[in-house]
Amino acid sequence: MALQADRHKARARMQWKKASAGCMAAALASILLAGCKVGPNYHRPAVQPPTAYRELSENPQVRAQTTSYADLPWWQVFQDPQLQELIRTAINQNYDLQIATERINAGRAQVAVTRSALFPQVQGNGDFSGGKEHNFQTKSNFLTLTADAAFQLDFFGKLRRATEAARAELLATEDARQTVILTLVSDVASDYFALLQLDLQLQITHDTVSTQIDSVKLTRLRLERGVATKLDVLQAQQVLDTANAQIPDLERQIAQEENAISILLGNYPQAVPRGSPLVEQHLPPEVPPGLPSSLIERRPDIREAEQNLVAANAEIGVAKAQFFPQISLTGSGGGAFGRSNAFSGLMSSQLGIWSYGAQVSQPIFTGGALRGNLRLAESQHQQLLIAYRQSIQRAFGDVSDSLIGYQKFHEVRVRQQDTVADLQESVRLSTMRYQGGTTTYLEVLDGQRSLFAAELTLAQARGNEYQSLVQLYRALGGGWQQQP
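Residues numbered from 1 in each chain as written. Predicted model: local features only at pLDDT ≥ 70, side-chain atom pairs only at ≥ 80, totals over all residues. Heavy atoms only, no water.

K.L.:
Looking at this model, I keep getting lost on the overall build of the protein. Mind explaining?
P.N.:
Along the protein, the regular secondary structure elements total eleven helices and four strands. Relative to its full complement of 484 residues, the protein shows a buried share of 38%. Long-range contacts, defined here as pairs at least 24 residues apart, represent 83% of the contacts in the protein between residues at least 6 apart. (Helix = DSSP H or I, 4+ residues; strand = E, 2+ residues; numbered from the N terminus. Buried < 20%, exposed > 50% of the residue type's maximum accessible area, 1.4 Å probe, protein only. Contact = heavy atoms within 4.5 Å.)

Right, dumping it as structure tokens:
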């Protein structure tokens, strides 16, 4: 009976030890999972955006609009099928965008590397040795297999803060890629409209040349019949020469614009196909900018600046954790397998190998390195905080500039369109009076010369209006959504 009681007591002690070990393991796990993280937790800085964009504060309709022109995806804004195809090609082939994508892959890999420190690091080792000793006629063959494990306890959140910083940097690279897409879409569209503007100017110049060739022929014929003077012929030829002189320069600019678009598309310099001419391109009836508060969420460059700020905030925690003890657990286990005729009677051919340990490291004197590192992290955080607020300020400046530019270029185009219409009518009437003998040909030539210059100015005004629309769409944060 006494023996049986002793056995019950031994079993109870064993169960108590197992329970205690389980409780200690659970407590250790809870400490690791809920351990404190030194350093500040991130809170978005308070930024008070303006209640309305400049020049629009007196317009209640614009101020009340919640939707923005930038909410539209680029394929609904730029409705020219050929321009849409160019943008798709650029998104698929542009080298800057490919580099930005690879930076995201690198950021994901860096998160995996940084996060791996939160887990035990296990390494296996193997060693085989054997041989014969001539003097003692002994032979031996031994295989040793071991596994080493090391685990750094993250009591003060150093590793978790570092992982937090790495994740924020990854999100920043993703937002940077969206910025590249936004810039790429707007650059392709802007260059395309510039190309169409040059095409229109070249067409106007060719039409003027054709008209002036006929005019010179007619004037010479009238000179032969005695109803015109040599001065009339010289003046008509001068208008023709002026138009002819502009053709090579326009052709040069067109070729250079095509080269620029080709580079954006990831191609070697080549001709660029066109869709609808500039005068047939779609212009929206209105361009609502949306609420100013939504701009902060829509612009990817602002989101990138904020993620950089998040990463810098986490780095402060990493720097503060350096002041506290670093605790590491180590363990090793394995076995040796083999045989030796010298010791076969003295030892088993299989041996177990195991060990464990703990290491605590506490900085005592570093010559100011730790405090300097903390001040550096805090200063970098402050710099990025300033950069974040600056990016918001610049974004509203971009929108304001683009709104004013689009409004003014639209007004210029409308006025110039009326001017061209008036000059066309004036040239028509002057030609009728000249043919009727009531005026000189100089009046007709002056009208044609003014009409030619006005038509070129109108083509430029059209191009400026379309490009200002592109810049407004970009400033509002539109254009980076990819077509599904």
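Next comes the rest of the description.
K.L.:
Teacher, can you tell me more about the environment of Thr179 here?
P.N.:
Positionally, Thr179 belongs in helix 6 (residues 158-224). Along the backbone, Thr179 and Ala100 are 79 residues apart, and their C-alpha atoms lie at a distance of 9.6 Å. If we ignore the near neighbours within four places in the chain, the residues touching Thr179 are Pro300, Asp301 and Glu304.

K.L.:
Please clarify how the packing of helix 5 (residues 95-115) against helix 6 should be interpreted in this entry.
P.N.:
Think of two packed helices as two axes; the pair is described by the angle between the axes and how far apart they sit. Between helix 5 and helix 6, the shortest axis-to-axis distance is 9 Å and the interhelical angle comes to 170°. Classified by the angle between their axes, helix 5 and helix 6 sit roughly antiparallel to one another. The segment helix 5 lies against helix 6, with Asp96, Leu97, Ala100, Thr101, Arg103, Ile104, Gly107, Arg108, Val111, Thr114 and Arg115 engaging Ala162, Thr163, Ala166, Arg167, Leu170, Thr173, Glu174, Arg177, Val180, Ile181 and Leu184. Taken together, the residues of the contact of helix 5 with helix 6 sort by class into ten nonpolar, five polar and seven charged. (Axes fitted to C-alpha atoms, helices over the stretch in contact; angles between N-to-C directions. Parallel < 35°, antiparallel > 145°, perpendicular 65-115°, else oblique. Nonpolar A, V, L, I, M, F, W, Y, C, P; charged D, E, K, R; others polar.)

K.L.:
Quick question: what am I supposed to make of the confidence of the model for the protein here?
P.N.:
For residues with low pLDDT, the predicted coordinates do not support detailed interpretation. Averaged over all residues, the pLDDT of the protein equals 85, while 86% of them reach at least 70. The model gives residues 59-64 a pLDDT under 50, and that stretch makes eight contacts with residues more than four places away or in other chains. (pLDDT = per-residue confidence, 0-100.)

K.L.:
I tried to follow the side chain of Arg299 on my own but got confused; where do I start?
P.N.:
By the element assignment, Arg299 lies in the loop between helix 8 (295-298) and helix 9 (300-321). Reaching out from Arg299, the side chain makes a polar contact with the side chain of Asp301 at a distance of 2.9 Å. (Polar contact = N/O pair within 3.5 Å; in protein donor to acceptor, adjacent residues only side chain to side chain.)

K.L.:
Any chance you could explain helix 4 (residues 81-93) here in plain terms?
P.N.:
For an α-helix the count is 3.6 residues per turn, leaving residues at separations of three or four pointing the same way. Compared with the 18 Å implied by 1.5 Å per residue over 13 residues, the 18 Å span of helix 4 between its first and last C-alpha is a close match. All buried positions along helix 4 are accounted for by Leu83, Gln84, Leu86, Ile87, Thr89, Ala90 and Ile91. Where helix 4 is buried, its residues meet helix 3 (74-77), helix 5, helix 6 and helix 7 (230-264). Two or three places before Gln82, at the opening of helix 4, Asp80 has a side-chain oxygen 2.9 Å from that residue's backbone nitrogen. (Expected span 1.5 Å × (residues − 1).)

K.L.:
Would you mind going over the side chain of Glu455 with me for this structure?
P.N.:
Here Glu455 lies in helix 11 (residues 441-475). Buried charge Glu455 goes without a salt bridge, the closest partner of opposite sign being Arg462 at 9.9 Å. Filtering out sequence-adjacent residues up to four positions away, Glu455 remains in contact with Ile204, Thr208, Val420 and Gln424. (Lys, Arg positive; Asp, Glu negative; His and termini not counted. Salt bridge = Lys/Arg side-chain N within 4 Å of Asp/Glu carboxyl O.)

K.L.:
Mind showing me how you'd approach helix 9 here?
P.N.:
Along its 22 residues, helix 9 runs 32 Å from first to last C-alpha, staying within 8% of the 32 Å computed at 1.5 Å per residue. The element helix 9 is extensively covered by neighbouring structure, given that 17 of its 22 residues are classed as buried.

K.L.:
Teacher, can you tell me more about a nonpolar patch on the surface here?
P.N.:
A surface patch of nonpolar side chains, amounting to about 370 Å² of accessible area, comprises Phe128, Leu143, Leu145 and Phe337. Within the secondary structure, Phe128 is located in strand 1 (residues 121-133). (Patch = residues over 30% accessible without salt bridge, like charges linked within 9 Å, V, L, I, M, F, W, Y side chains within 5 Å. Areas by Shrake-Rupley, 256 points an atom, 1.4 Å probe, with all protein chains shown as cover.)

K.L.:
What is the right way to look at the pattern of salt bridges in this model?
P.N.:
Between side chains of opposite charge, pairing is possible as soon as their charged atoms come close. Per the stated rule, a full pass over the model turns up 18 salt bridges. The partner of Glu164 in a salt bridge is Arg161, and the shortest N-O contact between them spans 3.0 Å. Of the two residues, Glu164 and Arg161 are both situated in helix 6; the distance of three residues between them amounts to about one turn of the helix. Overall, Arg161 belongs to the buried group, its relative accessible area being 1%. A salt bridge links Arg433 to Glu443; the shortest N-O distance between them is 2.2 Å. Highlighted residues: Arg433 in helix 10 (residues 369-435) and Glu443 in helix 11, separated in sequence by ten residues.

K.L.:
When you look at the nonpolar core in this model, what are you seeing that I'm missing?
P.N.:
As a rule of thumb, nonpolar side chains are buried together in soluble globular proteins. By size, the foremost hydrophobic cluster in this structure holds 68 residues, and its most contacted members are Trp74, Phe78, Leu83, Ile87, Val188 and Phe193. Breaking this core down by element, the ones donating at least two residues are helix 3, helix 4, helix 6, helix 7, helix 8, helix 9, helix 10 and helix 11. Ranked by residue count, the leading element in this core is helix 6, at 15 residues. Ignoring any residue separated from it by four or fewer positions in sequence, one finds Phe78 in contact with Leu83, Gln84, Ile87, Val185, Ala189, Phe193, Val470 and Tyr473. (Core = buried A, V, L, I, M, F, W, Y, C linked by side-chain atoms within 4.5 Å.)

K.L.:
Teacher, can you tell me more about the packing of aromatic side chains here?
P.N.:
To describe a pair of aromatic rings, you give the distance between the ring centres and the angle between the ring planes. Tallied over the entire structure, the rule returns nine aromatic pairs. The interplanar angle of 90° and the centroid separation of 5.8 Å between the aromatic rings of Phe78 and Tyr473 together place this pair among those described as edge-to-face. Of this pair, Phe78 sits in the loop between helix 3 and helix 4 while Tyr473 sits in helix 11; the two residues are 395 residues apart in sequence, bridging distant segments of the chain. For Phe78, a relative accessible area of 3% gives the class buried. By the ring-pair criterion, three or more aromatic residues cluster together here, those being Tyr69, Phe78, Tyr192, Phe193, Tyr466 and Tyr473. (Phe/Tyr/Trp six-rings, centres within 6.5 Å; stacked < 30°, edge-to-face > 60°.)

K.L.:
Looking at this structure, how should I read the packing of helix 9 against helix 10?
P.N.:
Put simply, helix 9 and helix 10 touch, their axes get as near as 9 Å, and they point 165° apart. One element, helix 9, and the other, helix 10, form an angle in the roughly antiparallel class. Pair helix 9 / helix 10 crosses with left-handed handedness. Along the contact surface, helix 9 presents Ile302, Ala305, Glu306, Asn308, Leu309, Ala312, Asn313, Glu315, Ile316, Ala319 and Lys320, while helix 10 presents Asn373, Leu374, Ala377, Glu378, Gln380, His381, Leu384, Leu385, Tyr388, Ser391, Ile392 and Ala395. Considering only residue class, the contact of helix 9 with helix 10 consists of 13 nonpolar, six polar and four charged. (Left-handed = near helix turned anticlockwise from the far one by under 90°.)

K.L.:
What is the right way to look at empty space enclosed by the protein in this model?
P.N.:
Over the atoms, a rolled probe matching the size of one water molecule traces out where space is still vacant. Considering all chains together, one arrives at two cavities of 30 Å³ or more under this definition. Approximately 60 Å³ is the volume found for the largest cavity. Forming the walls of the largest cavity are Gln152, Leu153, Asp154, Phe155, Phe156, Gly157, Lys158, Leu159, Ala321, Pro325 and Gln326. Looking at the lining of the largest cavity, the elements with two or more residues in it are strand 2 (138-153) and helix 6. Within the lining of the largest cavity, the residues separate by chemical class into six nonpolar, three polar and two charged. (1 Å grid on protein atoms, 1.4 Å probe; cavity = no way out; pocket = protein on both sides within 12 Å on 5 of 7 lines; lining within 4 Å. Points joined across faces, edges and corners; volume = space filled by probe spheres on them.)

K.L.:
Sorry if this is basic, but what is going on with the environment of Val216 here?
P.N.:
Positionally, Val216 belongs in helix 6. A sequence separation of 18 residues divides Val216 from Leu234, and the C-alpha atoms of the two residues are 8.6 Å apart. Contact partners of Val216, with chain neighbours within four places excluded, come to Ala236, Gln237 and Leu240.

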